[in-house]
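Listed below are the residues making up each chain.
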Amino acid sequence: MTTERHPRSMNSENPPARERFYRRERQSVPAAREFTRAALADWGVRGGTYDDILLCVSELATNALLHGVPPGRGFQLRLLPYGEVLRIEVHDSGDGYPRVVAPGDESGRGLLLVSSVADKWGVAERDPGKIVWCEFAVDRPGDRWECIGWNAMRENTSFRDGDPRRNR
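Now for a description of the structure that goes with this document. (Residues numbered from 1 in each chain as written. Predicted model: local features only at pLDDT ≥ 70, side-chain atom pairs only at ≥ 80, totals over all residues. Heavy atoms only, no water.)

**A look at helix α1 (residues 28-43)**
Over its 16 residues, α1 extends 22 Å from the first C-alpha to the last, a length consistent with the 22 Å expected when each residue adds 1.5 Å. Burial in α1 covers these residues: S28, V29, A32, F35, T36, A39, L40 and W43. Buried residues of α1 fall within an arc of 135° about the axis and therefore sit on the same side. Looking one or two residues beyond α1, the residue adopting positive phi is G44, at roughly 75°. (Helix = DSSP H or I, 4+ residues; strand = E, 2+ residues; numbered from the N terminus. Expected span 1.5 Å × (residues − 1). Buried < 20%, exposed > 50% of the residue type's maximum accessible area, 1.4 Å probe, protein only. Arc of directions from axis to C-beta.)

So, in structure tokens, the structure goes:
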């Protein structure tokens, strides 16, 4: 069972944020991906970054299920469009702090993938648990958003330590 809300964004120029709660069960990851796919379609997000966003949702949701959600609980996925950024948050109530593994490790590559394709990512505290998030720079022509593929533009520039919008 999932529950869904469409909270209003703080800035009326942004589309409303989307969020959904998922139970600790295997089918939650594809359901989270489909929920994201529908939101991206509603917002007009397309282009090369579209697949990267879906990949990050899959990885963050999988990590929450495998490492962050205690038995009997679930996780919350939030999609937050604001300004020129789409922020993805996965909230869980588990202990621990996620880490990026070394490239040669046999397992645990989810956050390595997220750090490779997202413009920014990080972890925030909540009580109980944590929020693992990532962000993608987007462009909104008119009242629709369109991903503009920052990843293709950052051959020699890393945005993880700063604001990707400053390098325009």
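**Some points on the side chain of T36**
Mapping T36 onto the fold places it in helix α1. If we skip the residues at most four places from it in the chain, T36 touches I53, L54, V57, L77 and L79. (Contact = heavy atoms within 4.5 Å.)

**Quick word on the state of the cysteines**
Counted under the stated rule, the structure contains zero disulfides. Take C56: it sits in no disulfide, and the sulfur closest to it among the cysteines is that of C134, at 4.2 Å. Using a relative accessible area of 0% as the deciding quantity, one classes C134 as buried. (Disulfide = S-S within 2.5 Å.)

**Structural notes on the packing of aromatic side chains**
Under the counting rule described, the total for this entry stands at one aromatic pair. Relative to F75, the ring of Y22 lies with its centre 5.3 Å away and its plane at 25°, an arrangement referred to as stacked. With Y22 in strand β2 (residues 18-23) and F75 in strand β3 (residues 74-82), the pair connects residues that are 53 residues apart, well separated along the chain. Take Y22 and F75: they sit in the same class, and that class is buried. Geometry around W133 places R87 over its ring, the cationic atom sitting 4.1 Å from the centre. (Phe/Tyr/Trp six-rings, centres within 6.5 Å; stacked < 30°, edge-to-face > 60°. Lys NZ or Arg CZ within 6 Å of the ring centre and 35° of its normal.)

**Let's talk about the nonpolar core**
Judged by nonpolar contacts, the single largest core of 31 residues is most densely connected at L60, F75, L77, I88 and C134. It is helix α2 (residues 48-68) that provides the largest number of residues to this core, a total of eight residues. Sequence-distant contacts of F75, defined by excluding residues within four places in its chain, comprise R20, F21, Y22, S28, A61, A64, L65, V69, V90, H91 and D92. (Core = buried A, V, L, I, M, F, W, Y, C linked by side-chain atoms within 4.5 Å.)

**Brief notes about the pairing of β3**
For β3, a buried count of seven out of nine residues is recorded, marking the element as mostly surrounded by other parts of the structure. Two strands pair when backbone bridges link them, and β2 and β3 are joined in this way by six bridges, in the antiparallel orientation. By the bridge assignment, R18 is partnered in β3 with L79. With seven bridges joining them, β3 and strand β4 (residues 85-92) adopt antiparallel strand pairing. By the bridge assignment, L80 is partnered in β4 with R87. Adjacent in sequence and paired antiparallel, β3 and β4 are bridged by two residues, among which G83 carries a positive phi angle near 55°. (Pairing = 2+ DSSP bridges.)

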